[in-house]
Amino acid sequence: MDKNISFTIKYWKQNGPKDQGHFESRQMKDIPGDTSFLEMLDILNEELVEEGKEPFVFDHDCREGICGMCSLYVNGTPHGKTERGATTCQLYMRKFKDGDTITVEPWRSAGFPVIKDCMVDRTAFDKIMQAGGYVSVRTGAPQDANAILIPKQDADEAMDCASCIGCGACVAACKNGSAMLFVSSKVSQLALLPQGRPEAAKRAKAMVAKMDELGFGNCTNTRACEAVCPKCETITNIARLNREFIKAKLAD
Amino acid sequence: MWLCNSSIGRKVVMSVTGIALILFLTFHGCMNVVALISGEAYNMICEFLGANWYAVVATAGLAALTVIHIIYAFWLTLQNRKARGNNRYAVTSKPEKVEWASQNMLVLGIIVVLGMLLHLFNFWYNMMLPELLYGKFDAMMAAQANGVPAPGDGYAWIRFTFSCPVYVVLYIVWLAALWFHLTHGFWSAIQTIGWSGHIWFNRWKTIGNIYVTILVLMFLAVVLGFAFCGSCSSACC
Amino acid sequence: MSIIDSKIPEGPVAEKWTNYKAHQRLVNPKNKLKLDVIVVGTGLAGASAAASLGEMGFNVYNFCIQDSPRRAHSIAAQGGINAAKNYQNDGDSVYRLFYDTVKGGDYRAREANVYRLAEVSNAIIDQCVAQGVPFAREYGGTLANRSFGGAQVSRTFYAKGQTGQQLLLGAYSALSAQVNAGKVKLYCRYEMLDVVIIDGRARGIIAKNLVTGKLERFSANAVVIATGGYGNTYFLSTNAMGCNVTAAMACYRKGAYFANPCYVQIHPTCIPVHGDKQSKLTLMSESLRNDGRIWVPKKLEDAKALQAGTKKGSDIPEEDRDYYLERRYPAFGNLVPRDVASRAAKERCDKGYGVNNTGLAVFLDFSESIERLGIDVILQRYGNLFDMYEEITDVNPGELANTINGMKYYNPMMIFPAIHYTMGGIWVDYELQTTIPGLFAIGECNFSDHGANRLGASALMQGLADGYFVLPYTIQNYLADQAIWPRISTDAPEFVEVEKATEARIQKLMNIKGKRSVDSIHKELGHICWEYIGMGRTAEGLKEGIKRIDALRKEFESNLFIPGSREGLNVELDKAVHLDDFITMGKLIAYDALSRNESCGGHFREEYQTEEGEAKRDDANYFYVGCWKYQGTDEAAPELIKEPLEYEAIKVQTRNYKN
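Residues numbered from 1 in each chain as written. Chains lettered and ligands numbered in written order. Predicted model: local features only at pLDDT ≥ 70, side-chain atom pairs only at ≥ 80, totals over all residues. Heavy atoms only, no water.

### Some remarks on the overall build of chain B
Summing up its helical and strand segments, chain B has 9 helices and 0 strands in all. Listing each helix as α and each strand as β along chain B from the N terminus yields α-α-α-α-α-α-α-α-α. Projected onto the principal axes, the alpha-carbon positions of chain B cover approximately 60 × 35 × 35 Å. The buried share among the 237 residues of chain B stands at 43%. By sequence separation, contacts in chain B at least 24 residues apart represent 74% of the contacts at least 6 residues apart. Put simply, chain B shows about 12500 Å² of open surface, and 73% of that area lies on carbon and sulfur atoms. When the 12 positive and 7 negative side-chain charges of chain B are each reduced to one mean point, those points stand 26 Å apart. (Helix = DSSP H or I, 4+ residues; strand = E, 2+ residues; numbered from the N terminus. Buried < 20%, exposed > 50% of the residue type's maximum accessible area, 1.4 Å probe, protein only. Contact = heavy atoms within 4.5 Å. Areas by Shrake-Rupley, 256 points an atom, 1.4 Å probe, with all protein chains shown as cover. Lys, Arg positive; Asp, Glu negative; His and termini not counted. Charge placed at Lys NZ, Arg CZ, Asp CG, Glu CD.)

Structure (structure tokens):
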């Protein structure tokens, strides 16, 4: 039902974090519009391998928009432009025009060093989570699940905050390389739930301290993060984190 | 100290100093408008805020706020550039949601500071400083000798300054930059201290835009008022 | 033929687990500090096990192939998680959940394991809520439930359509807490390539650092693999791109039995394959079948026109549509279980009634329900799914497309079955231990709880049950006497030897230097498996499949091309290793399918069906778990060992969905 398109793809090649890196480009011919962006890259790689060349390396896994592995900066936007929040794996080639030049870059931020080509190292996010992104509860026999009543509104809002997939698009889009949207989404989720309240102050302080230590930038409320978030997290979370953090510090 | 060594703390400093400066501008703007109505009244205010000890203290406080705001601005920007890394995107596209001002706060801030220096030269240097240095009488004498308005006559200084078109243009540029800087700065400051949410975010933005626009219009009215009918306004009073 | 010991505790089924826990050996707190456990995988089972073991005091080494534990494919589960809470007061109980699971599994699961699963299901919900998993709530603040296929009660807990994500993030947060406490050490972008056996016990693994390419040795007192299923053997599946069977195959080659590989679940509502360039299939939620009607044209010429693209689904009037599920199964209609719906779709397409350009799709139509309930109601229920479908296919199922004789026709969706989940896996006993002492398998990676077919919302339950509540107990029974031994150095000759063998295997692949890419061969394997070992199997087809897989192995070993070098990150090399194992896996599925002369659950042999085309089970001869023992080489046929099933609590019956 869709017609095929031909275009030029410019993709970033970089052999390790210290390498300078450069673009390579290639003509792609007759790609069906129903092909997803990553499938198009599969086709590119198949062609490269057939020619005996090394494939273009990028992170990907579930291809359903939920695992958060996707980390491609397509034509100036993290994950590429889609109508509603979506990751690169949910971007389809029909969104492009015949004769387009498509530029693919890695997340560029000091917090995410390049491993190879467009594959970046996002372990910083794990470290921030390890600093406090949890409720300290032992496996075993906590109280009955219904013993904690949570108003539907709070549960729904916590769920929205919890939808973050940790892809790092927020950092990639931010001119300050700030990870506030990521951190605030986790802090918000747990701050909104009664289970998370006892540790709320400790969590906010610990996660922000780790985020700062890892060299992420200061949030200047440009809103670029929420504009590109594939899961539509909002800077309301950042306001909440600020509140939690300031409260915690003033209470010290 | 968390106001220095945490990212949110540093932003809180920006936010609080920023809000304080907005309050100062509000006060300053109100005072200026008086000049449009009555030169005498304006000069009375000038007298009250002239070379007195409390004015000096307030000026020092104001200067401190400004300096902290500026130092933090550069500090944050340096840190943010470092966090951004050395590599830049080859292709960028700005999402619609992102305001131009929000991404150019430092540049706007620098324009504001330059404008402020000009303003200080125009008014503070000519009006307040001589009185502080030489006393009221000597300063007045010196002014007379130089053919400029007396230091105590603020109203005359306004007329004198805006009779020069170059200053008018420079002040308009300055005020434009200030408007951009504050439309973002206002809600951003509120957001940073955490007084925002799904509903209040849009409210603060609207309130901020209206407030800042009125504020800048107040200043602009004085500039334009004196630029285009400096003589008629003097005739009025 | 040897009989294997599944170590099922004595006593009535409802008391077995309690008895087991009361009498098992425990490890005292001091000794726990001396014991190391390797957990491979960070999905629901792996992350929860690693977190729980770390919390107990063991030193845990946790491995994942992705950049973060949170990427594991458990994250993609949409529907929900079952538990016998009976919050809805609809008569649910542990026994009923147990019974439904065994019945849904077509009476091929181990009773004792399933009962235990049902028993701990409630604790999972409590645990997850305590961790801050934002399950859906009622206005009163209590937990909400939804109903799911195969059950008469509402027992499924959910968090929007992202239940798997939220549960995994819960387990990941518990894991993160233990990493912070220093009890778990994470190894991301590491892949386990082999297991090291010393004196008959699993004592460590060889893992490849995927970034540097180097092989590294890790020693421990026990090894737990939680590496998921083998669905990607079929190339196209709903599994993530990285899902593979390499760790499980390594255990199998080292002597762990592989059980019931032929039980592969095929999900009926996936978006059809659109062309040969596709690499991944997308699942559409099963809930669509509640209001959608599945059909193909009655007339072959209409099907031809649809395939040629000269007609659209909405051009075909009501009287020319064949709602084949409603026709064949009047009682259940479009809501028959997954395996039945999948086979019926394949039957129609095989007869030439497929509705897209490849002839491999059927329609799922909402015209009738939109007319009956109004578009608003339908969009409220399925709006996000319609959006997702439109995003992928550019067709909006909520859009009025045609009016014929006053009847309104909306754009139908196109769906087709796809490989989704594998019930088979590494054989484990009641303690989740494989036939190799010290080697445990949990989650989808083992075979234990789903029998021949898994019910919706049970996979998450099993993963977390194994990881939080079963393995942390049962592994202690094994570790209890292990603390007296000194830690084994990774310089031990066994480690050196296994590392050498692993390196040799990699070098062999690198040195083939043929012409074909990994993916092109994998695609071919997928075609063979889908064609001969897929939804409808025959003895002849399976034999042909084995023959073709053998030929493909030759092609693989002589004509594979891996670009780049052995050192550093080499994605193609990693994929080649996976493919090497998928080929062996494909053959294993075929062997098992060939030996099981009956149809049950996810295994359908065309020779064994009723006159109406329903699956015909043979309880007299095949009431057992088929375990496969490796015979030294991938070429040699594995040996079948049977674990007989014994049911005491449940009467074995035939599933009936007609009336």
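That was the structure; now back to the text.
### Structural notes on unusual backbone geometry
In this structure, Asn221(A) takes a positive phi of about 55° despite not being glycine. What makes Asn221(A) buried here is its relative accessible area of 2%. Residues other than glycine seldom take positive phi values, yet Tyr107(C) does so here, at roughly 55°. Tracing the backbone through its elements, the reader meets Tyr107(C) in the loop between α4 (94-104) and α5 (111-131). Take Tyr107(C): its relative accessible area is 1%, and that puts it in the buried class.

### Section: the domain arrangement of chain C
Interface extent is often summarised as the accessible area lost during association of the parts. Residue and element names in this part refer to chain C. Here the domain parsing of chain C yields domain 1 (267-418) and domain 2 (493-623). One C-alpha centre belongs to domain 1, the other to domain 2, and the line joining them spans 31 Å. Between domain 1 and domain 2, the contact holds 13 residues from the first and 11 residues from the second. Both sides of the domain 1 and domain 2 interface together cover about 850 Å² of buried area, and 55% of this is carbon and sulfur. In this structure, the connection of domain 1 to domain 2 is made through 1 salt bridge. Where Glu-614 meets Arg-328, a salt bridge forms, and the shortest distance between an N and an O atom there is 3.9 Å. At the junction of domain 1 and domain 2, the tally comes to 2 residue pairs in polar contact (both at pLDDT 80 or more). Looking at the side of domain 1 that touches domain 2, the elements with two or more residues in it are α10 (338-350) and β17 (413-422). Looking at which element gives the most residues to the side of domain 1 that touches domain 2, the answer is α10, with 5 residues. The class makeup of the residues in the side of domain 1 that touches domain 2 is 5 nonpolar, 2 polar and 6 charged. (Domains from an automatic or database assignment. Buried area = accessible area lost by both parts, 1.4 Å probe. Salt bridge = Lys/Arg side-chain N within 4 Å of Asp/Glu carboxyl O. Polar contact = N/O pair within 3.5 Å; in protein donor to acceptor, adjacent residues only side chain to side chain. Nonpolar A, V, L, I, M, F, W, Y, C, P; charged D, E, K, R; others polar.)

### What to know about the packing of helix α2 (residues 7-37) of chain B against helix α3 (residues 39-48) of chain B
Residue and element names in this part refer to chain B. Running from amino to carboxyl end, α2 crosses α3 at an angle of 145°, the nearest separation of the two axes being 6 Å. Contact residues: α2 offers Met-31, Asn-32, Val-34, Ala-35 and Ile-37, while α3 offers Gly-39, Ala-41, Tyr-42 and Ile-45. Looking at side-chain class alone, the contact of α2 with α3 contains 7 nonpolar, 2 polar and no charged residues. (Axes fitted to C-alpha atoms, helices over the stretch in contact; angles between N-to-C directions.)

### Let's talk about the interface of chain A and chain C
With 73 residues of chain A in contact, the opposing surface of chain C contributes 76 residues. When the two sides are added together, the surface that chain A and chain C hide from each other amounts to roughly 6300 Å², 53% of it contributed by carbon and sulfur. Across the contact surface, chain A and chain C share 7 salt bridges. Notably, a salt bridge pairs Lys280(C) with Glu64(A), separated by 2.7 Å at the nearest N-O pair. At the junction of chain A and chain C, the tally comes to 44 residue pairs in polar contact (both at pLDDT 80 or more). Secondary-structure elements contributing two or more residues to the side of chain A that touches chain C are α1 (37-50), β6 (114-116), β7 (119-120), α2 (123-132), α3 (152-162) and α5 (180-192) of chain A. Here the side of chain A that touches chain C is built from residues that sort into 35 nonpolar, 17 polar and 21 charged.

### Regarding the environment of Thr161(B)
All names here are of chain B. For Thr-161, the position within the fold is in helix α7 (residues 154-162). When the C-alpha positions of Thr-161 and Phe-123 are compared, they lie 8.7 Å apart, and in sequence the two are 38 residues distant. Residues within four places of Thr-161 in sequence aside, it is in contact with Asn-122, Phe-123 and Tyr-167.

### Description of the sheet that holds strand β10 (residues 258-259) of chain C
The strands making up a sheet associate through backbone hydrogen bonding, with each pair oriented either parallel or antiparallel. Residue and element names in this part refer to chain C. Strands sit in the order β18-β10-β20-β21 across an open sheet of 4 strands; the sheet is antiparallel. At either end of the open sheet lies a strand with only one pairing partner, and these are β18 (425-426) and β21 (639-644). Note: β10 against β18, 2 bridges, orientation antiparallel. Across the sheet, residue Phe-258 finds its bridge partner in β18, namely Ile-426. Together, β10, β20 (624-629) and β21 form the strand contacts of helix α17 (residues 571-595), whose direction differs from that of β20 by roughly 140°. (Pairing = 2+ DSSP bridges.)

### Topic: the pairing of strand β7 (residues 201-209) of chain C
Residue and element names in this part refer to chain C. Among the 9 residues of β7, 8 are classified as buried, and the element is accordingly described as predominantly covered. Where strand β6 (residues 190-198) meets β7, 8 bridges bridge the pair, whose relative direction is antiparallel. Following the sheet pairing, Val-196 is matched in β7 by Gly-204. The hairpin formed by β6 and β7 contains 2 residues between the paired strands, and Asp-199 there has a positive phi angle of roughly 50°. As paired elements, β7 and strand β8 (residues 215-219) share 5 bridges and run antiparallel to each other. From the neighbouring strand, Gly-204 faces β8, where its bridge partner is Ser-219. Between β7 and β8, which pair antiparallel in sequence order, lie 5 residues; one of them, Gly-213, sits at a positive phi of approximately 85°.

### Things to note about the sheet that holds β17(C)
All names here are of chain C. Overall, antiparallel pairing links the 5 strands, which are arranged β11-β17-β14-β12-β13 in an open sheet. Every interior strand has two partners, whereas the edge strands, β11 (264-270) and β13 (321-322), have only one. Taken together, the 5 bridges between β11 and β17 define a ladder with antiparallel strand orientation. By the bridge assignment, Ile-266 is partnered in β17 with Ile-419. Set on the sheet, α10 makes contact with β11, β12 (293-297), β13, β14 (362-365) and β17; between it and β11 the angle comes to about 70°.

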